[in-house]
Every structure is written in C-alpha cells, then in structure tokens.
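Each chain is listed here by its residues.
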Amino acid sequence: MVSRATVPAKIETVCLDAFYGELHAIRDVSMLIEQHAITALIGPSGCGKSTFLRTINRMNDLVPSFRVQGSVTVDGQDVYGQGVDLVELRKRVGMVFQRPNPFPMSIFDNVAYGPRIHRLVGTRDLPVVVEKSLRAAALWDEVKDRLREPALRLSGGQQQRLCIARVLAVQPEVLLMDEPASALDPISTSSIEDLMTELKRHYTIVIVTHNMQQAARVSDKTGFFLAGSLVEYGDTRELFENPKDKRTEDYITGRFG
C-alpha cells in the first residue's frame, strides 16, 4: 500500500522486501515519508520496524545474510543502486541508536569526530561546528564549561543528546532514531521528545518506538507494522483516533502486542 504524501516526500520505498537468510523480515512495503516531518513506526517486537529503518541508510548491510528486493530512494536516488557511496549515504542519513553510545573521548571530540574524518571544516572552525551542533541538540548550556571532560561522565539523557549532536555535526538531511528514549528516565525522555519536535524544522525524522503515547505526542505520520508488513499508515491523529484496520485498533488499545 502506498500513502501519497501531501508535502514533498524525502524517502520512498516501493515493494520493499528484506531477508535475513531465509527469514522474510519485510514484506512488500511501499511507503512515502514526508520531508520535515516526524514519522513514527510502531508495532510489536520482531515486526520489522527496526529492519525497515535500517534499510534507509543500509545499516543492515553489516549482516552478511541480509538482502533486499524492491527499492528505497532518498530524494529520488536509489540507495541500493550501483555506485552508491555508503559513507556519503550514512552522512546524509544519520542514525541514533536505542542506547547512547558516546565514544570514549571528550565531549568536544565526540562531536568533532565526524567533521574531522569527513574533512568538512578545518581545525580552526571545529569549535564553531561543535558549539552549533551542541546547541541544536539542546546540550550546549549544560556542557559548555566541560567540553574536555570524558563524554562517559554525562548522564544517560545527556549522552543521548550528545549522540544526536554528533550526528548533526556532519550535516545530515535525515535522522533515523531507533527507540532513542527507551533507556531513559521520563524527564530525559521528555527532553528528547521536545528536541525532536524542534529538529523537524530542519530535518526529516523517522523514529521507531514501542511507546504509543510517545508516537501520538511527537509524530506527524505513523506506520503500524505487523509480521513484516505495513498494515496501516497515515496521519498520526487519524490512525490513533480512527484506525481503518481492526489489527491497528487492537494493537494501540493494548489487546495484543
């Protein structure tokens, strides 16, 4: 099923199937993801949400048995086409993982790492990039006087915002977030949600979440996955208040999952 976007689509999948060896993880998913919006992917564990998310920047390629059929495009470019530069793709389409994974180095060097290896700016301009990225991740005021301290000394919520700043520092266009607040306390979760709402003005965001309230609070569009298939996809408010498929209603009301 294809849901036609009312604003320009940033990402499109057409008849996407994904396999881990013999396991059919994604089944014939066609989906348009809008630019400058938050799209939430919901569904029970093992339904294919995270696999789908990782097809967008080809993180699944790290699994030797993984293969896809169909297409995934970003701005019309087939990300599985010949000659695609994976480093450039993953720079354009950044990922924030479920658990914060700061590098064992200083706060400053965590954020500066990407711009350094991609040679985006000279050494003299790195402090400007670091500050801008930390400000965008709503972390600057909390760490500006301790940039040379180890990042691992930060709290869990601060570490996750640092990881977001690290992604932002390489100037992506898309942010993929795989349950970014599931390991955080309610206050830190609220901070991450507020941050996502602010960031969508400049980025396209796709988030996997098991938290129905979170999906309802932050997303513009929601897709419900079940057994590898996209059961329903549309405006978040409509999907939660008036689902078209009985399976969607059963899931969001807690009858299963």
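In this text the structure is predicted, and so the values were computed from the model without any measurement. (Residues numbered from 1 in each chain as written. Predicted model: local features only at pLDDT ≥ 70, side-chain atom pairs only at ≥ 80, totals over all residues. Heavy atoms only, no water.)

**What about the sheet that holds strand S4 (residues 66–74)?**
Next up, step 1: Taken together, four strands build an open sheet; the order of strands is S2-S1-S4-S5 and the sheet is antiparallel. Of all the strands in the sheet, just strand S2 (23–34) and strand S5 (77–78) have a single pairing partner and so form its edges.
Next up, step 2: Here strand S1 (residues 9–20) pairs with S2 via eight bridges, running antiparallel. Across the sheet, residue Ile 11 finds its bridge partner in S2, namely Ile 33. (Pairing = 2+ DSSP bridges. Helix = DSSP H or I, 4+ residues; strand = E, 2+ residues; numbered from the N terminus.)

**Comments concerning the pattern of salt bridges**
Next up, step 1: Applying the stated criterion across every chain, the model contains 21 salt bridges.
Next up, step 2: Close ionic contact of Glu 131 with Arg 135 constitutes a salt bridge, the shortest N to O distance being 2.9 Å. On the criterion of helical spacing, the pair formed by Glu 131 and Arg 135 is a turn pair, its members being four residues apart in helix H4 (residues 126–136).
Next up, step 3: When salt bridges with common partners are traced through the structure, they connect Lys 10, Asp 75, Arg 92 and Glu 173 into a single cluster. (Salt bridge = Lys/Arg side-chain N within 4 Å of Asp/Glu carboxyl O.)

**Details of the nonpolar core**
Next up, step 1: With 44 residues, the main nonpolar core has Leu 134 and Ile 164 as its most contacted residues.
Next up, step 2: Listed in part, the 28 residues of the second largest apolar core include Ile 33, Met 59, Val 79 and Leu 230. (Core = buried A, V, L, I, M, F, W, Y, C linked by side-chain atoms within 4.5 Å. Buried < 20%, exposed > 50% of the residue type's maximum accessible area, 1.4 Å probe, protein only.)

**Observations concerning unusual backbone geometry**
Note on backbone geometry: most residues besides glycine have negative phi, and most peptide bonds are trans.
Next up, step 1: Unlike most non-glycine residues, Asp 75 shows phi in positive territory, near 55 degrees.
Next up, step 2: Looking at the element boundaries, Asp 75 is found in the loop between S4 and S5.
Next up, step 3: Owing to a relative accessible area of 44%, Asp 75 belongs among the partly exposed residues under this scheme.
Next up, step 4: One non-glycine residue, Gln 171, lies in the positive phi region at around 60 degrees.
Next up, step 5: When you line up the elements, Gln 171 lands in the loop between helix H6 (156–168) and strand S7 (174–178).
Next up, step 6: Judged by its relative accessible area of 53%, Gln 171 falls in the exposed class.

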